Amino acid sequence: MPRKSFPELINSPGMPVLVDFYATWCGPCKTMAPILEQVAAQHGGKVRVVKIDVDRNQAVAQQYRVQSIPTLILFHQGQPVWRQAGVVPAAQIAQVLQSYVGK
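Described below are features of the structure shown in this document. (Residues numbered from 1 in each chain as written. Predicted model: local features only at pLDDT ≥ 70, side-chain atom pairs only at ≥ 80, totals over all residues. Heavy atoms only, no water.)

### Points about the overall build of the protein
- If you tally the helices and strands in the protein, you get four helices and four strands.
- The helix and strand sequence of the protein, counted from the amino end, reads α-β-α-β-α-β-β-α.
- The C-alpha atoms of the protein give a radius of gyration of 13 Å, which matches the 13 Å a tight globule of 103 residues would have.
- Counting only C-alpha atoms, the protein reaches 35 × 30 × 25 Å along its principal axes.
- Buried positions account for 42% of the 103 residues belonging to the protein.
- A separation of at least 24 residues holds for 69% of the contacts in the protein among residues at least 6 apart in sequence.
- Accessible area for the protein stands at about 6,000 Å²; split by element, carbon and sulfur atoms hold 51% of it.
- One way to put it: in the protein the 10 positive side-chain charges average out to a point 6 Å from where the 5 negative ones average out. (Helix = DSSP H or I, 4+ residues; strand = E, 2+ residues; numbered from the N terminus. Rg over C-alpha atoms; globule rule 2.2 N^0.38 Å. Buried < 20%, exposed > 50% of the residue type's maximum accessible area, 1.4 Å probe, protein only. Contact = heavy atoms within 4.5 Å. Areas by Shrake-Rupley, 256 points an atom, 1.4 Å probe, with all protein chains shown as cover. Lys, Arg positive; Asp, Glu negative; His and termini not counted. Charge placed at Lys NZ, Arg CZ, Asp CG, Glu CD.)

In structure tokens form, the structure reads like this:
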């Protein structure tokens with residue numbers, strides 16, 4: 001499967017895309033991994049979760065002004081509609097997603 005560009009990843013018609021900007025060496029980022037898996041499972045097929053390693057994708061991280069990790073950015077129709085830095089509880093993410101799932 002060919003690798004998609006970042007604009008292709010965030011332009012998922014009819015489906016919000018939650019992007020997790022992380023690094024392999026980041027402790028709080030490791031805490032977010034199971035939370036994001038839980039969110040993805042709860043919204044089965046209605047939201048796409050994408051993980052972006054900031055060390056390997058510095059240009060994308062700079063483009064979206066990611067200054068601390070983890071940073072979550074929710075894209076809807078290719079546009080950023082919500083962002084939060086730090087560890088975010090699954091319930092808070094689910095609440096934000098409610099406004100965009102199925103629209």
